[in-house]
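Structural features, examined
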Amino acid sequence: MDATTVPVRVDYELTPLGQGLYGLLSQVRDWAVDKTDEVDEARARYDTRQAGA
């Protein structure tokens, strides 16, 4: 049986240790998506203050 693939194929998967972080990282992602507008507004306020300094 020839297992050669062109182009080379690589399969990745999380280890059990990495899977333990999945829920936490999902919560961080959800927070970031939920707070995007607030972060953009804070960034704009900061940029405005820096431009006037």
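Use the structure listed above.
Parameters at a glance
- Residues numbered from 1 in each chain as written.
- Predicted model: local features only at pLDDT ≥ 70, side-chain atom pairs only at ≥ 80, totals over all residues.
- Heavy atoms only, no water.
- Helix = DSSP H or I, 4+ residues; strand = E, 2+ residues; numbered from the N terminus.
- Buried < 20%, exposed > 50% of the residue type's maximum accessible area, 1.4 Å probe, protein only.

Note on placement: tyrosine 46 falls in helix α2 (residues 36-52). Classification of tyrosine 46 by relative accessible area gives partly exposed; the value is 43%. When the C-alpha atoms of tyrosine 46 and alanine 32 are compared, they prove to be 19 Å apart, with 14 residues separating the residues in sequence.

A word on the environment of valine 39. Counting through the fold element by element, valine 39 comes out in helix α2. According to the relative accessible area criterion, valine 39 is partly exposed, its value standing at 34%. When the C-alpha positions of valine 39 and serine 26 are compared, they lie 18 Å apart, and in sequence the two are 13 residues distant.

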